[in-house]
Amino acid sequence: MQAEEHADRPPLDTAWLDALLGGSPAGVAVLDGDLRYVYVNPALERINGVPAAAHLGRTIGEVLPDVDVRLDVMRRVLADGRPRDLTASGRTWADSAVERRYWRGACHRLQEGGRVSGLMVITQEITATQIEREELLRARSYLTLLDNAAVSIGTTLDAGTTCQELADFVVPVMADVAVVELIPEEDVRTRREPPPGALRLRRAGVATVPGLADSVARFGGPGTDIDYQEDAAVPRCLAADEPVIENLYGDEQLGRSAPTPERVGAYRAIGLHSAVAVPLTARGRPLGVLSLLRAGASPPFTEGLDVVVARTLAGRAAVDIDHAHRYTHEHRITGELQRSLLSEPRGPNPGIEIASLYLPAGAGALVGGDWFDAIPLRGGRHLKVMGDVMGHGVEAAVAMSNYRSMLRIMAEDDQPPHRILERLDKAVEQSGLDRAATCLVAVVDRREGVCEVASAGHPPPVFIDPGAPRARVAPLVAGPPLGTGFGGYRTTVVPCGPGTVLFMYTDGLVERRGEDIDLSIERLTRLTLPAGGRLQDLLDEVVDRFADTAEDDIAVLVSRSRGY
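Predicted model only: the values in this text are computed from it and were never measured.

Novice: It is not clear to me how the overall build of the chain should be interpreted in this structure. Could you clarify?
Specialist: The helix and strand tally for the chain stands at 17 helices and 22 strands. A total of 564 residues make up the chain; the buried ones form 47% of that total. Of the contacts made within the chain by residues no fewer than 6 positions apart, 64% connect residues no fewer than 24 positions apart. Roughly 27,200 Å² of accessible area belongs to the chain as shown, and the carbon and sulfur atoms make up 52% of that amount.

Novice: What should I look at first to understand helix α8 (residues 159–170) in this one?
Specialist: Every α-helix winds through 3.6 residues per turn, so residues three or four apart in the chain are directed the same way. Taking 1.5 Å of rise per residue, 12 residues should cover 16 Å, and α8 covers 17 Å from first to last C-alpha, within 8% of that figure. The complete set of buried residues in α8 reads Ala159, Thr162, Cys163, Glu165, Leu166, Ala167, Phe169 and Val170. Regarding α8, its N-cap is Asp158, as a side-chain oxygen of that residue lies 3.3 Å from the backbone nitrogen of Gly160 further along.

Novice: Sorry if this is basic, but what is going on with the sheet that holds strand β19 (residues 472–473) here?
Specialist: Hydrogen bonds between backbone groups are what pair the strands of a sheet, and the pairing can be parallel or antiparallel. Read across the open sheet, the 5 strands follow the order β13-β22-β21-β18-β19; overall the sheet is antiparallel. Lying at the two open borders of the sheet, with one neighbouring strand each, are β13 (352–359) and β19. The pairing of strand β18 (residues 462–464) with β19 spans 2 bridges and is antiparallel. In the sheet register, Phe463 faces β19, and the bridge partner there is Arg472.

Novice: When you look at the pairing of strand β7 (residues 177–182) in this model, what are you seeing that I'm missing?
Specialist: Regular strands have side chains that alternate between both faces of the sheet. Taking burial as the measure, the 6 residues of β7 include 6 buried ones, the bulk of the element. Side chains Val177, Val179 and Glu181 of β7 all project onto a buried face; the interleaved residues Ala178, Val180 and Leu182 project onto the opposite face, where all are buried too. With 6 bridges joining them, β7 and strand β8 (residues 199–208) adopt antiparallel strand pairing. Across the sheet, Val179 pairs through a bridge with Val206, a residue of β8. Relative to strand β12 (residues 285–295), β7 runs antiparallel, the two being bridged by 6 bridges. Paired with Glu181 across the two strands is Val289, which belongs to β12.

Novice: Would you mind showing me how to read the sheet that holds strand β6 (residues 115–125) here?
Specialist: Spatial strand order, β2-β1-β6-β5-β4-β3: 6 strands in an open sheet with antiparallel pairing. Pairing within the sheet leaves two strands with one partner each, and these edge strands are β2 (37–40) and β3 (67–68). In this structure, strand β1 (residues 27–32) lies alongside β6, joined through 6 bridges in antiparallel fashion. Within β6, the position partnered with Gly27 by the bridge is Thr123.

Novice: I'm lost on the packing of aromatic side chains in this one. Help?
Specialist: Given two aromatic rings, one states the distance between the centres and the angle between the planes to describe the pair. With the rule as written, the count across this model stands at 2 aromatic pairs. For the pair Phe503 and Tyr505, a centre-to-centre distance of 5.9 Å together with 45 degrees between the ring planes defines the contact as tilted. As far as the burial class goes, Phe503 and Tyr505 line up, both buried.

Novice: Would you take a moment to explain the pairing of strand β5 (residues 101–112) for this structure?
Specialist: As judged from the 7 bridges shared by strand β4 (residues 84–90) and β5, these two strands associate in the antiparallel manner. When the bridges of β5 are listed, Ser89 appears paired with Tyr102. In this sheet, β6 lies alongside β5 in antiparallel orientation, the contact comprising 10 bridges. Bridged to Arg109 within β6 is Leu119. As consecutive antiparallel partners, β5 and β6 are separated by 2 residues, and within that stretch Gly113 has a phi angle of approximately 60 degrees, a positive value.

Quick notes on the rules
- Residues numbered from 1 in each chain as written.
- Predicted model: local features only at pLDDT ≥ 70, side-chain atom pairs only at ≥ 80, totals over all residues.
- Heavy atoms only, no water.
- Helix = DSSP H or I, 4+ residues; strand = E, 2+ residues; numbered from the N terminus.
- Buried < 20%, exposed > 50% of the residue type's maximum accessible area, 1.4 Å probe, protein only.
- Contact = heavy atoms within 4.5 Å.
- Areas by Shrake-Rupley, 256 points an atom, 1.4 Å probe, with all protein chains shown as cover.
- Expected span 1.5 Å × (residues − 1).
- Polar contact = N/O pair within 3.5 Å; in protein donor to acceptor, adjacent residues only side chain to side chain.
- Pairing = 2+ DSSP bridges.
- Phe/Tyr/Trp six-rings, centres within 6.5 Å; stacked < 30°, edge-to-face > 60°.

Everything listed is a geometric property; what it means functionally is a separate question.
Now the structure itself:
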């Protein structure tokens, strides 16, 4: 019956509509009860890029298949008569410089003689306003991104970690895929030479949206060497030290941007269509490239906000990567220097056993200035030294070497420990060394069964008697650190018979945040060693008890005499 009513419905007289709405700048459409076009004014013809006659009798979806319209909203207006606004977006047949356009429509129900005849939809384009709103929202999200960058990127002194943090940080807010690649360092050995004319970079960080993870993984993850053709986007970015944007609408453009032409099909298969390569530069030196890629429905990159924010993030990350490279280089030099100075000391004579331990505070910490030494003296005596130069890094290791060399010269004169420290303190002051150091000097006299000890601001030694239930902490009066020029050191004589272990250490073994140092040292009195026990077993016990909670480097030197 309803179909018969629809079939018998007289055609709409549009003459009065043309007179009323023909000159309106707003697009106007009249739709029947089935939401088919009955009338379209000239303004809507221009908006849709379709003649009015081509609309009539057809639905919106049939005329404009690439426009998203809330048909459910229109049906509710037909049902209850309450006017409603709706937003539509997409592409019409009209020429447009923008990829996606936006319209705002007002829907009103039409009635004739009390009977519902259809809808009138008045449409205005709001593309510019919508783009401005989206740009504003994007700008706000980018500002938030930049605010969070300082605490999310460069959290360690490891270049690889920083690169991965940068890649993770920009996905998905700025890109569907992010790749960070670095210029390999000169001392990095590669398995093969790059092809002639190609630029080789080492991939250091990759991040993708979940839907692309498996596809992108086929192109190589962190640690993979990537060879770029000479005219690819990445080499051009590095050569100019400027961002390079590639909107990859054609295979020719995609082939020029990809590392190799063979990648074109693979990139096209996953829908990559826009890319920007941003240089990573610090102190005027190129370090690598941050590449951002978009796929699917993501908008293409533009010269505006996208590039500004990407370059800002790349600049910040480049500073962190440069710091990491410098740290790694310094750490390697410092470690080699310290290893040469902390080699296992030789026993001064066959009657002395010696063992040592050195544990850096952690993989992320610079090597410190801890050192120890063992020097034979006349009359069967032997001198042990434990020192700790203030600070970390190459400067501390070099200062440590100077301290050690000067102390060896002082020890040759066979002076008591406090005299050695006094002379060393003056020598340091005259040498111009600008790093103070704590130092413990102990001279063991096996014939007398005693140990003479003096301290320059260093923790006291511990004596572990064979079979004793507890160890002894030497009651020292510590003088000021070396390099201060104050002097005032004193020698304390402590019993040290055959089989007694002299246990010397740096403050990293005992210092704990929030704990009194005297309580920490007292904990060492629980160390025991049975008669004839191995010194290495004692060091293993030290590692088990103290290494996990240490906040600084730990150096330990233990020695034992077998009598005279």
